[in-house]
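# Summary of structural features
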Amino acid sequence: MVNKNKIYLSSPHMSGGEMKYVNDAFNENWVAPLGPNVVDMEVTLAKYCGVKDAAVLNSGTAAIHLALIILGVEKGDEVIASTFTFCATVNPIVYQGALPILIDSEPGTWNMDPVQLERAIRDRLQKGKKPKAIIPVHLYGMPANMTKIMEIANRYNIPVVSDSAEALGSRYMGKSAASYGKMSILSFNGNKIITTSGGGALLSDNEELILKARFLASQAKDKAPHYQHSQIGYNYRMSNILAGIGLGQMEVIDDRIKARRYNHFYYKETLGKFEGITLLEEPDSAYFSNHWLTGILIDPEITGVRPGDLIRDMESMNIESRLLWKPMHLQPVFSHCPAYLNGTSERLFTQGLCLPSGSNLSQEDLDSVVTAISRSLKNANATQKKYVPTYNPVRILANMRAVL
Ligand SMILES: *Cc1c(COP(=O)(O)O)cnc(C)c1O
């Protein structure tokens, strides 16, 4: 049975409340890059993430770029980043003419391995260069091990920019994942937990840095009666219309997190029963993931299938899934970058995939995904009996924990 409606990996999920803000913008003719929605969105985000200030921008990539400019990253500098990520984490390093230094993952969180991080810093120092910044990523919503990463960063006095593009609403040690580091960034791209169709933000507890970001993001206009520029600026601001969409989305952020966490714990309850399938899980109660995407690993020795087989089989049932991010050190464009590796990200890349994880999936959709996967495993292993997803809803709810 092929699903009539395609089941997507992570599709936009509007609340309906967005139109109120967008209509306000139209009624007041604030169809401009600035306006009241922009200000409100900045206040709302900063409050939600527990930081002093935020600048909303036209993408998460722009936010990383501005963070690096503000930290003074220039041609010939080195910047450390996770290798297991989307290219947008690393591209802005190259925009500045700097060299990305890539760090492998730890197996527990799939995020930056503190051991490799320290090894890299020592090695770069020995080679005569002090890295200008460290960009850990909270991938798929899972917070990185920020206790250890911040401890190392502080010891070597290197600023941290946390890439929280996938982690709005995720928390570590009771604090927003997006509150760690000197600055952090968010993305509101179409596939993220909330979306403005395209957009991003730069957050910090240092209001001066955010003022600087707003200045640079609107063409770096000096205070003067005429247009005067004493440095190069960018056109990176979020428009008042899109900020309106963001305000409508922020009204339902906690529901969106609940829905994504439900997906994850449903998958754990059902797929967790299959030998050879494991999920990316919160290592302990210090971690609270928004579970933006549920990632699984498939041991081909045990299951007899590879991620590519599952993806193909699901596609034939009109279900979208995707391999995990291909590590940056394996990308042709970054193959020259020094990388400090332990084998984890390469293993994740060959064994893992992301399952449909949108907040708008129905129980029927989720059941279809699990049935499709069970069928693939069955095809590979003819002895397995017919599978119907069974689960204990009470246990799923208990595992979910409330939004903190
Ligand atoms: C989406 C994403 C970004 C970039 O965000 P855009 O808004 O698409 O520019 C950066 N880092 C990670 C890890 C992302 O997933």
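All values reported here derive from a predicted model rather than from experimental measurement. (Residues numbered from 1 in each chain as written. Predicted model: local features only at pLDDT ≥ 70, side-chain atom pairs only at ≥ 80, totals over all residues. Heavy atoms only, no water.)

### So, the nonpolar core
Inclusion rule: For our purposes a nonpolar core is just a set of buried Ala, Val, Leu, Ile, Met, Phe, Trp, Tyr and Cys residues, chained together by side-chain atoms within 4.5 Å. The buried label goes to any residue with under 20% of its type's maximum accessible area, the exposed label to any with over 50%, and the partly exposed label to all in between, with areas taken from a 1.4 Å probe on protein chains only. An automatic or database domain assignment is the source of the domain bounds shown. Residue contacts are defined here by distance: any two heavy atoms, one from each residue, within 4.5 Å place the two residues in contact.
In terms of nonpolar packing, the biggest core is built from 60 residues, with Leu 45, Leu 117, Ile 134, Tyr 140, Leu 168, Leu 186 and Phe 188 touching the most fellow members. Each of domain 1 (18–250) and domain 2 (253–399) accounts for three or more of the residues forming this core. Leave out the neighbours within four places in its chain, and Phe 188 touches Met 41, Leu 45, Leu 168, Ile 194, Thr 195, Thr 196, Ser 197, Gly 198, Gly 199, Gly 200, Ala 201 and Met 238. Counting 35 residues, the second largest nonpolar core, distinct from the first, contains Ala 133, Ala 165, Ile 185 and Tyr 236.

### Focus: helix α14 (residues 393–400)
In an α-helix, one turn spans 3.6 residues, which is why side chains three or four residues apart end up on the same side. Defined as follows: Polar contact is the term for a pair of N or O atoms within 3.5 Å; when the atoms are in protein, one must be able to donate a hydrogen and the other to accept it, and sequence-neighboring residues count only if both atoms are side-chain atoms. A run of H or I in DSSP becomes a helix once it reaches four residues, and a run of E becomes a strand once it reaches two; helices and strands are each numbered from the N terminus.
Residue Asn 392 occupies the N-cap position of α14, its side-chain oxygen lying 3.0 Å from the main-chain nitrogen of Val 394. Of the residues one or two after α14, Arg 401 is the one with positive phi, at around 55°.

### Some thoughts on the site of the ligand
Selection criterion: If a single non-hydrogen atom of a residue is within 4 Å of a molecule or strand, that residue counts as near it. Using the Shrake-Rupley algorithm and a 1.4 Å probe, accessible areas are obtained, with residue cover drawn only from the displayed protein chains. Method remark: on a 1 Å grid restricted to protein atoms, a set of points is classed as a cavity if a 1.4 Å probe fits but cannot get out and as a pocket if it is open with protein on both sides within 12 Å along at least five of seven lines; lining residues have an atom within 4 Å of a point. A molecule is counted as occupying a cavity or pocket when more than half of its atoms fall within 2 Å of that pocket's grid points. Ten residue types, Ala, Val, Leu, Ile, Met, Phe, Trp, Tyr, Cys and Pro, are classed as nonpolar, four, Asp, Glu, Lys and Arg, as charged, and the remainder, Gly among them, as polar.
Near the ligand lie 15 residues; those nearest to it are Thr 61, Asp 163, Glu 166, Ser 187 and Lys 192. One of the side-chain nitrogen or oxygen atoms of Asn 189 is found 3.0 Å away from an oxygen atom of the ligand. One nitrogen or oxygen atom from the side chain of Lys 192 is found 3.2 Å from an oxygen atom belonging to the ligand. Protein contact buries 94% of the 380 Å² of open area that the ligand shows by itself. Its atoms largely coinciding with the cavity grid, the ligand occupies the second largest pocket. For the shell around the ligand, a count of residues per class yields 4 nonpolar, 8 polar and 3 charged.

None of the figures reported here should be taken as evidence of function without further support.
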